[in-house]
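One letter stands for each residue in the lines below.
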Amino acid sequence: MRVAIGNDHVAYEMKLEVAEYVRSLGHEVVDLGHHGDARTDYPTYGRAVGEAVASGAVDRGIAICGTGVGISIAANKVAGVRAVCCSEPYSAQLSREHNDTNVLCFGARVVGIELAKMIVRCWLDGQFEGGRHADRVAMLTAMDAC
Ligand code: RB5
């Protein structure tokens, strides 16, 4: 898959490691910044990742800030984005199977790199189950128009 990745200054170092891990799993990474640890603003990068996913430029997105909270709120402002903020693999996997999430967010101040990799792998591998879940996801999509 083609995976966009974005981050604020707090998550710069973790972004580099996560991007390398995603590449090692055979995916292409599109790094949308932030490129460095100079202070910046997480909404810019959450939105950039969300727009890349919603436009179809990439298949999925990963966005990282200090907690994952702010950047997930920003990504979810983009119509068509279903961003999950989580700090363990179970929710990451279920968010794919039930919610068809297309952006994964977590916090560099919350999870260590090994747990982050586990979360990323479960999320990238997770397959949407469709069926009854598809109707609910369609309800979410309809809310984008409101
Ligand atoms: C930056 O200090 C911090 O607020 C940001 O990384 C993130 O945690 C916001 O949700």
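The structure presented is a predicted model; accordingly, all values stated were derived computationally and were not measured.

**A few points about the overall build of the chain**
The helix and strand inventory of the chain stands at six helices and five strands. Reading the chain from its N terminus to its C terminus gives the helix and strand order β-α-β-α-β-α-β-α-β-α-α. In terms of overall size, the chain behaves like a compact globule, its C-alpha atoms giving a radius of gyration of 14 Å where 146 residues would be expected to give roughly 15 Å. When its C-alpha atoms are laid out on the principal axes, the chain stretches across 45 × 30 × 25 Å. Taken over 146 residues, the chain has a buried fraction of 49%. One way to put it: in the chain the 14 positive side-chain charges average out to a point 3 Å from where the 18 negative ones average out.

**Let's talk about the environment of Lys15**
Inspection of the secondary structure puts Lys15 in helix α1 (residues 12-24). Judged by its relative accessible area of 0%, Lys15 is buried. When the C-alpha positions of Lys15 and Cys86 are compared, they lie 16 Å apart, and in sequence the two are 71 residues distant. Setting aside chain neighbours within four positions, we find Lys15 in contact with Ile5, Asn7, Asp31, Gly33, His34, His35 and Ile64.

**Brief notes about the sheet that holds strand β5 (residues 103-107)**
Taken in spatial order, the five strands make up an open sheet running β2-β1-β3-β5-β4, and their pairing is parallel. Every other strand in the sheet has two partners, leaving β2 (28-31) and β4 (83-85) as the edge strands with one partner each. The sheet shows a mean angle of 20° between the axes of neighbouring strands, taken without regard to direction. In this structure, strand β1 (residues 2-7) lies alongside strand β3 (residues 60-65), joined through five bridges in parallel fashion. Residue pairing for β3: Val3 is matched across the bridge by Arg60.

**Quick notes on the nonpolar core**
Val18, Ile62, Leu104, Phe106 and Val120 are the most contacted members of the largest nonpolar core, which totals 23 residues. Among the elements that line this core, the one with the most residues is helix α5 (residues 113-125), at six residues. Those residues within four positions of Val120 in sequence are excluded, and the remaining contacts are Val18, Tyr21, Val22, Ile62, Leu104 and Phe106. Counting residues in hydrophobic clusters, the runner-up holds 15 residues, among them Val49, Val53, Cys65 and Val103.

**What to know about the environment of Ser72**
Tracing the sequence through the fold places Ser72 in helix α3 (residues 69-76). By relative accessible area, Ser72 is classed as buried at 8%. A sequence separation of 56 residues divides Ser72 from Leu16, and the C-alpha atoms of the two residues are 19 Å apart. Within the structure, Ser72 has its side chain in polar contact with the backbone oxygen of Gly68 (distance 3.0 Å).

How each quantity is defined
Residues numbered from 1 in each chain as written. Predicted model: local features only at pLDDT ≥ 70, side-chain atom pairs only at ≥ 80, totals over all residues. Heavy atoms only, no water. Helix = DSSP H or I, 4+ residues; strand = E, 2+ residues; numbered from the N terminus. Rg over C-alpha atoms; globule rule 2.2 N^0.38 Å. Buried < 20%, exposed > 50% of the residue type's maximum accessible area, 1.4 Å probe, protein only. Lys, Arg positive; Asp, Glu negative; His and termini not counted. Charge placed at Lys NZ, Arg CZ, Asp CG, Glu CD. Contact = heavy atoms within 4.5 Å. Pairing = 2+ DSSP bridges. Axes fitted to C-alpha atoms, helices over the stretch in contact; angles between N-to-C directions. Core = buried A, V, L, I, M, F, W, Y, C linked by side-chain atoms within 4.5 Å. Polar contact = N/O pair within 3.5 Å; in protein donor to acceptor, adjacent residues only side chain to side chain.

Spatial relationships are all this shows, so hold off on functional conclusions.
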